[in-house]
Amino acid sequence: MDLATTPVRPPPPGRMSNLTHPESRSYQLYILIAVLTALVVVIISLRLYTRLRITRSFGMDDWFCIAATILTLSYSALILKLLWRPGGGILGIHLWDAPLTHLVEYFKGALAESILVRLANITIKIAFLVFYLRLFGHIAYVKYLVWIGIGVLIAFVIIFISLYAEACTPLRSEHGDWLSNSLAQRCNDIAVPLITAAAYFSVITDFYILFIPLHQIHGLRLSRKRKIGVTLVFLTGLLAIGSGLANLIIRTDSRIFMPLDFSWTEVPVYATALVEINVGLLCHSLPVLSVLFAGRFTDLGKSLSSWIRERRSPRQTPQQSPRPSGDENTPDIAPNTNSPEGHTPAPGNETAAGDLKTVDYHYHRQVKSYSRQTGDGHGASPV
């Protein structure tokens, strides 16, 4: 039997195999990868610039962010390799259009993919927890929550990789035969429920990681407006949680994912996995980027409001006396002692440099101030 001209499975009634020009949905994934990769490269570059040049507070969470970025980009590259186009794999085409020779390469790539996406996912979660340790490490019970989370994540990924690699690689008795029935049966019996369990685990730990900062915000000495801003920044993590839930639903819905044609129906599974880890990586950088953008957006909004008020108000004549010094458009300017490095924000622009410097400046300062007043503070490294 010539494996290069034999399809993986016979076509269904009314269909014919096409091993040279098959119907393909590969484009759905490589377009998604192109968009997500561009966003990740831009956002992570801005994050590193912010930490290295603006706040000068590069820390362990940034190292984990770099590691997660490398793993995420590697995962995207591996998916491109598994696709019918451009990689020459079988992902994105029907099984009756895929030759058996491609199936062997897919099994090897799928083994690496399952391990790589789990490593990327766990590394992103640890990056979040290390970031929280940097913020809340002086609060004893929060520190315990973080370290427990890190320990559980590391233990899970070690167990997952060990079981998955053992189940889905040929044993000595199988003599390296990736198409043996015993290997297919063993991998199906162990790997499928293991991956489903990993999807559940990912969603549960996402909620755990989101809970840690959110339950601390109510006790901060911040205005309601600032608390809402901080909360919204952290709630962007719901986007990654949504992707994880979608991935779990697709995997367990036989109407969407059909094992008898997995090379075609797995495309949405890979799509949601890509979105989950890429969006998780982006959400991890948003609190840091608030330092870079919050003031600029506030300045733009105030400038626009000032321009609108000026256009609506009647023009002054030269005979009119100037407005008194207490007018709302000419406030006294005083240095903001809370601004870093003696920076003086623009008039009425208290939010410009400090409002959503949520995590790197103002937010962390408020956390430490609050903890000192409650007796929990023992000092923390600068963010």
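As the structure is a computational prediction, the values presented were derived from the model and not from experiment. (Residues numbered from 1 in each chain as written. Predicted model: local features only at pLDDT ≥ 70, side-chain atom pairs only at ≥ 80, totals over all residues. Heavy atoms only, no water.)

**A closer look at the packing of helix α1 (residues 26-54) against helix α2 (residues 60-82)**
The axes of two packed helices give the description: the angle between them and the distance between them. Remark: α1 packs on α2, axes separated minimally by 11 Å, with the N-to-C direction vectors making an angle of 165°. The angle between the axes of α1 and α2 places the two elements in the roughly antiparallel class. Judged by the twist between their axes, the crossing of α1 over α2 is left-handed. Two secondary-structure elements touch here, α1 through Leu 29, Tyr 30, Ile 33, Thr 37, Val 40, Ile 44, Arg 47, Leu 48 and Arg 51 and α2 through Asp 61, Asp 62, Cys 65, Ile 66, Thr 69, Leu 73, Ser 76, Ile 79 and Leu 80. (Axes fitted to C-alpha atoms, helices over the stretch in contact; angles between N-to-C directions. Helix = DSSP H or I, 4+ residues; strand = E, 2+ residues; numbered from the N terminus. Parallel < 35°, antiparallel > 145°, perpendicular 65-115°, else oblique. Left-handed = near helix turned anticlockwise from the far one by under 90°. Contact = heavy atoms within 4.5 Å.)

**A look at the layout of surface pockets**
Its volume calculated, the largest pocket comes out at about 1,100 Å³. As for the largest pocket, its lining consists of 38 residues, of which Phe 107, Cys 187, Asn 188, Val 192 and Phe 262 are closest to the centre. At the level of elements, α3 (100-136), α4 (140-167), α5 (181-217), α7 (237-252) and α9 (267-312) are the ones that each hand at least two residues to the lining of the largest pocket. Top element by residues in the lining of the largest pocket is α5. It accounts for ten residues. Split by residue class, the lining of the largest pocket holds 26 nonpolar, seven polar and five charged. (1 Å grid on protein atoms, 1.4 Å probe; cavity = no way out; pocket = protein on both sides within 12 Å on 5 of 7 lines; lining within 4 Å. Points joined across faces, edges and corners; volume = space filled by probe spheres on them. Nonpolar A, V, L, I, M, F, W, Y, C, P; charged D, E, K, R; others polar.)

**As for the pattern of salt bridges**
Taken as a whole and assessed by the stated rule, the structure comprises nine salt bridges. When the shortest N-O distance is used, the salt bridge between Arg 15 and Glu 23 registers 3.4 Å. Residue Arg 15 is classed as partly exposed on the basis of its relative accessible area of 39%. According to the relative accessible area criterion, Glu 23 is partly exposed, its value standing at 42%. Here Asp 206 and Lys 125 are joined by a salt bridge, their closest N and O atoms 2.3 Å apart. (Salt bridge = Lys/Arg side-chain N within 4 Å of Asp/Glu carboxyl O. Buried < 20%, exposed > 50% of the residue type's maximum accessible area, 1.4 Å probe, protein only.)

**Topic: the environment of Ala 191**
Topologically, Ala 191 is positioned in helix α5. Judged by relative accessible area, Ala 191 falls into the buried class, the value being 3%. Ala 191 has contacts with Tyr 164, Cys 168 and Arg 186, leaving out every residue within four places of it along the chain.

**Quick word on unusual backbone geometry**
Working note: non-glycine residues mostly have negative phi, and peptide bonds are mostly trans. Positive phi outside glycine occurs at Arg 56, with the angle close to 50°. Counting through the fold element by element, Arg 56 comes out in the loop between α1 and α2. With a phi close to 55°, His 175 is a non-glycine residue in the positive phi region. As for its placement among the helices and strands, His 175 is situated in the loop between α4 and α5. You can call His 175 exposed: its relative accessible area is 71%.

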